[in-house]
Amino acid sequence: MSMNLKMSPTHRPTLSICVPVYNEAENLPLLHAAIAAVIDPQNIDAELILVDDGSKDDSWPQIEKLVAKDSRVRGLKFKSNCGETAASDAGLRAARGRYVMTMDADLQNDPRDIPKFLEALATGVDCVCGTRVATRSQGDNFIRVASSRIANWVRNKLSDETITDAGCTYRAFKRECVEKLKLYRGLHRFIPTLLKMEGYTVAEIPVTNNPRLHGESKYGVWNRLFKSFRDLLAIRWMKSRLLGYEIATELDRANESVDKIAI
């Protein structure tokens, strides 16, 4: 990102990119550079919000350097590790953009896909989800690919959904969607479903899945197949208890003129 562009606290950018960070010190400068290489040439007015989820490495010093280097970068630091859902929620609540986006810090989500999200949002859809179905094997080993596909099948089967890649947190949505989101630990995986329950429209676009360059993945077979099962049951229960009604007729004498209600 350009170092000479300044952003005031009241500036409303087009896009807020919210990134949960946990032990990603080596990846952060690369992430910043990769995002800059996309948004600067295309004049995309954006801010980058990096949320340090209690990292044990030098992630926060790296965030401080990026904030000092580029005023469009903002940093939030948790007192302790609270999990990806909390970090995502904090970034979304702090966002100032017309659109908000969540993406991973490890560069497996390719910033070159950012314009595609904005193009999809411009069609009027409320939420756009990335799907790695066609490219998953390019960035992950067989075990991770297989466990992800099984997890997606189970999630869709139990939640009565059609999201092809619920585990992909590379998403973008209109700012007003954030106000309707009430996230609990682990539910960042189900943001598209939660938004659909609120009446918002959801679409999917194919995205690139790059190999991880530095650090270790925070998710394995346990996280994908078993740990989120309780969360899935909670979503299933919420959908089954969702209120659904239509007002057929409304009588309200307060909205009638005096001569119409005179007896």
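Scroll up to find the structure this text is about.
For every chain, the first residue of the written sequence is number 1, and numbering continues from 1 onward in sequence order. With the structure being a predicted model, the display of local features is reserved for residues of pLDDT at least 70 and the display and counting of side-chain atom pairs for 80 or more, all residues being used for whole-chain, interface and lining totals. The basis for the side-chain values is all heavy atoms of the structure; hydrogens and waters are excluded.

**Notes on the nonpolar core**
And then number 1: By convention a nonpolar core is built from buried Ala, Val, Leu, Ile, Met, Phe, Trp, Tyr and Cys residues, the set being connected through side-chain atoms within 4.5 Å. Exposure is judged per residue with a 1.4 Å probe applied to protein chains only, and the accessible area is read against the type maximum: over 50% gives exposed, under 20% gives buried, and values in between give partly exposed. Ile-17, Val-19, Leu-50 and Ile-114 are the most contacted members of the largest nonpolar core, which totals 33 residues.
And then number 2: Counting residues per element, the ones that place at least two in this core are strand E1 (15–21), helix H1 (27–39), strand E2 (46–52), helix H2 (59–69), strand E4 (99–102) and helix H4 (114–121).
And then number 3: Here, two residues are considered to be in contact whenever any of their heavy atoms come within 4.5 Å of each other. Look past the residues within four positions of Val-19 in its chain and what remains in contact with it is Leu-31, Leu-48, Ile-49, Leu-50, Val-51, Met-103, Asp-104 and Ala-105.
And then number 4: Formed by 25 residues, the second largest nonpolar core is a distinct cluster that contains Ala-90, Ala-95, Leu-187 and Leu-195. Numbering of helices and strands starts at the N terminus; helices are DSSP runs of H or I of at least 4 residues and strands are runs of E of at least 2.

**Side note on the pairing of E4**
And then number 1: Side chains Tyr-99 and Met-101 of E4 all project onto a buried face; the interleaved residues Val-100 and Thr-102 project onto the opposite face, where all are buried too.
And then number 2: Here E1 pairs with E4 via four bridges, running parallel. Considered in E4, the bridge of Cys-18 is made with Thr-102.
And then number 3: For two strands to count as paired, DSSP must find a minimum of two bridges between them. Bridge count for E4 against strand E6 (residues 171–174) is four bridges, and the pairing is antiparallel.

**Details of unusual backbone geometry**
And then number 1: The phi angle at Asn-23 is positive, at roughly 55°, despite the residue not being glycine.
And then number 2: On the secondary structure map, Asn-23 appears in the loop between E1 and H1.
And then number 3: Relative accessible area serves as the criterion here: at 25%, Asn-23 is assigned to the partly exposed category.
And then number 4: The residue Asn-43 is not glycine, and still its phi comes out positive at about 55°.

**Quick look at the packing of aromatic side chains**
And then number 1: Between the rings of Phe, Tyr and Trp (Trp by its six-membered ring), a pair exists once the centres lie within 6.5 Å; its type follows the angle of the planes, with under 30 degrees stacked, over 60 edge-to-face, and the other angles tilted. Tallying each qualifying case throughout the model produces one aromatic pair.
And then number 2: Ring plane angle 45° and centroid distance 4.7 Å describe the contact between Phe-117 and Tyr-170, whose orientation is recorded as tilted. Placement of Phe-117 in helix H4 and of Tyr-170 in the loop between helix H6 (142–159) and E6 is noted, with a sequence separation of 53 residues between them. In this structure, Phe-117 and Tyr-170 share a single accessibility class: buried.

Such coordinate-based values are descriptive only and should not be taken to indicate function.
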